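Listed here are the chains, written in short residue letters.
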Amino acid sequence: NAKARGRNCYQFFNQEIQIEAERTAKIHFHLKKAIHQGELQLYYQPIVEPKSGKIVKAEALLRWRYNDEFIPPDEFIPIAEQSGLIVEIGAWVRKQAVITAIELQQKNITMPISINVSTLEFWSSELQHNFIQFFDDILQELDIDVFPYKLITLEITESLLMKQKNEVNELLSMLRKRGIRISIDDFGTGYSSLSYLVNFPVDQVKIDKSFIQQLETDKRHKALIEAIVSISKALDLNVIAEGVETEAQLAFINQQNIPFVQGYYFYRPMPKNEFISLLSDS
Ligand code: C2E
Ligand code: MG
Ligand code: MG
Ligand code: MG
């Protein structure tokens, strides 16, 4: 009867929640040890000029291999954020990215690297107002005197721009004074407000891959991309199209004169040594 079915449904629902909670707890437990056990790796995905195919920059993307299983960042980053582990993980990521940029420079390869920074990291007591100091410390530790900060781009998301706007503005300005570039990631998703582009000191906008991937099937996504491109150009911001996989998507990107493209059509994220040899060979 209906009552029994209802109870079954409820049980099933409860079970699902429990399975998910157990997975979250398990991931949290193992993630705590992942850095020290060398399970984290930073991959690099080239960003190209679509017309020439030339690699002009790259995004650093975190990979976690646990027991032969790659746990996707979309699964473990939110858990790292909720638990605060992201602060330590983020510090590790930034250090690795700076090391890679320096290594490349020593090979005479100038390659700007983008790093994802969670909103939560900006508000950790360790980093608040100390972001610059953080980079300086890494350089000191590596015994590097001069480092062109313009090689580092921080990818932030719109959620950072929603609260404590004056403080965020000050922080971003300070970073940019040093030469660090600021990019808004996944633009157009979440709580987008076009006013962010005017009110915050940013250099670059990344069009979210969900728009690119739907542009062939839904005209409205084309319109949205056109609008983002046009306002970005008017405000003198760089534009990157993320998640380009097909010829048709690329054709539209070129038609829109979008200057930078990141996607499987050109390259997938790859381990550091592969990335370095790719750059050394070309
Ligand atoms: P994101 O910053 O928007 O990174 C772009 C994502 O799109 C990456 O997924 C990349 O592998 C994927 N991608 C690039 N081109 C294509 C394509 O042509 N097709 C498809 N289907 N996907 C493409 P990934 O590496 O799984 O990372 C997912 C998200 O996890 C990132 O999205 C970012 O929000 C977060 N993340 C990754 N690494 C870090 C990190 O070091 N720190 C923080 N805070 N977040 C990170
Ligand atoms: Mg990103
Ligand atoms: Mg993105
Ligand atoms: Mg994304």
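All residue numbers refer to position in the chain's written sequence, counted from 1. By the order in which they are written, chains take letters starting at A while ligands take numbers starting at 1. The predicted nature of this model means local features are confined to residues of pLDDT at least 70 and side-chain atom pairs, given and counted, to a pLDDT of 80 or more, with totals for whole chains, interfaces and linings taken over all residues. Remark: hydrogens and water are excluded; side-chain values derive from all non-hydrogen atoms of the structure.

Novice: Hey, could you go over the packing of aromatic side chains for me, with residue numbers and the actual values?
Specialist: Stacked, tilted and edge-to-face are the three classes applied to pairs of Phe, Tyr and Trp rings, where Trp contributes its six-membered ring and a pair requires centres within 6.5 Å; stacked means planes under 30 degrees apart, edge-to-face means over 60, and tilted covers the rest. Tallying each qualifying case throughout the model produces nine aromatic pairs. An angle of 85 degrees between the planes, with centres 5.8 Å apart, marks the rings of phenylalanine 134 and phenylalanine 135 as edge-to-face. Where tyrosine 265 meets phenylalanine 266, the ring centres are 5.0 Å apart and the plane angle is 80 degrees; that geometry is what we call edge-to-face. Each residue is placed in one exposure class: buried if its accessible area under a 1.4 Å probe, protein chains only, is under 20% of its type's maximum, exposed if it is over 50%, and partly exposed if it falls in between. With relative accessibility at 30%, the residue tyrosine 265 sits in the partly exposed group. Whether a charge sits over a ring depends on NZ of Lys or CZ of Arg being within 6 Å of the ring centre and within 35 degrees of the ring normal. Sitting over the ring of tyrosine 264, arginine 268 keeps its end group 3.9 Å from the ring centre.

Novice: Can you lay out helix α3 (residues 86-106) for me, pointing to particular residues and giving the numbers?
Specialist: An ideal rise of 1.5 Å per residue puts 30 Å on 21 residues; α3 measures up with 30 Å between its terminal C-alpha atoms. Helix numbering and strand numbering both begin at the N terminus, where a helix is a DSSP run of H or I of at least 4 residues and a strand a DSSP run of E of at least 2. Downstream of α3 by one or two residues, asparagine 108 has phi in the positive range, about 65 degrees. Given the number of residues in a helix, its expected span is that number minus one, multiplied by 1.5 Å.

Novice: Could you give an account of the coordination of the magnesium ion (ligand 3), with specific residues and numbers?
Specialist: In this listing, donors mean N, O and S atoms no farther than 2.8 Å from the metal, or 3.2 Å for Na, K and Ca; water is missing from the atoms, so a site can look incomplete. At 2.1 to 2.6 Å from the magnesium ion (ligand 3) lie its protein donor atoms, namely Asp185 (OD), Asp186 (OD), Glu242 (OE) and Glu242 (OE). Taken as a pair, the magnesium ion (ligand 3) and the magnesium ion (ligand 2) lie 3.9 Å from each other and share aspartate 185 as a ligand. Judged by its relative accessible area of 6%, aspartate 185 falls in the buried class.

Novice: Provide a residue-level description of the site of ligand 1, including the pertinent values.
Specialist: The immediate surroundings of ligand 1 are formed by 24 residues, with Arg63, Asn116, Asp185, Glu245 and Tyr264 found nearest. Within the contact set of ligand 1, a nitrogen atom lies 3.0 Å away from a side-chain nitrogen or oxygen of serine 118. Here glutamine 213 contributes a side-chain N or O atom positioned 3.3 Å from a nitrogen atom of ligand 1. When isolated, ligand 1 has an accessible area of 800 Å², and the protein chains bury 88% of it. Of the residues forming the shell around ligand 1, the biggest block, four residues, is contributed by strand β2 (residues 55-66). Only Asp, Glu, Lys and Arg are considered charged in this grouping, and only Ala, Val, Leu, Ile, Met, Phe, Trp, Tyr, Cys and Pro are considered nonpolar; every other residue, Gly among them, is considered polar. For the shell around ligand 1, the per-class residue count stands at eight nonpolar, six polar and ten charged. To be near a molecule or strand, a residue needs just one of its heavy atoms within 4 Å of it. For this analysis, a polar contact is any N or O atom pair within 3.5 Å, provided that within protein one partner can donate a hydrogen and the other can accept it, and provided that sequence-adjacent residues contribute only side-chain to side-chain pairs. The Shrake-Rupley method, run with a 1.4 Å probe, gives the accessible areas here. Residue values count only the displayed protein chains as cover.

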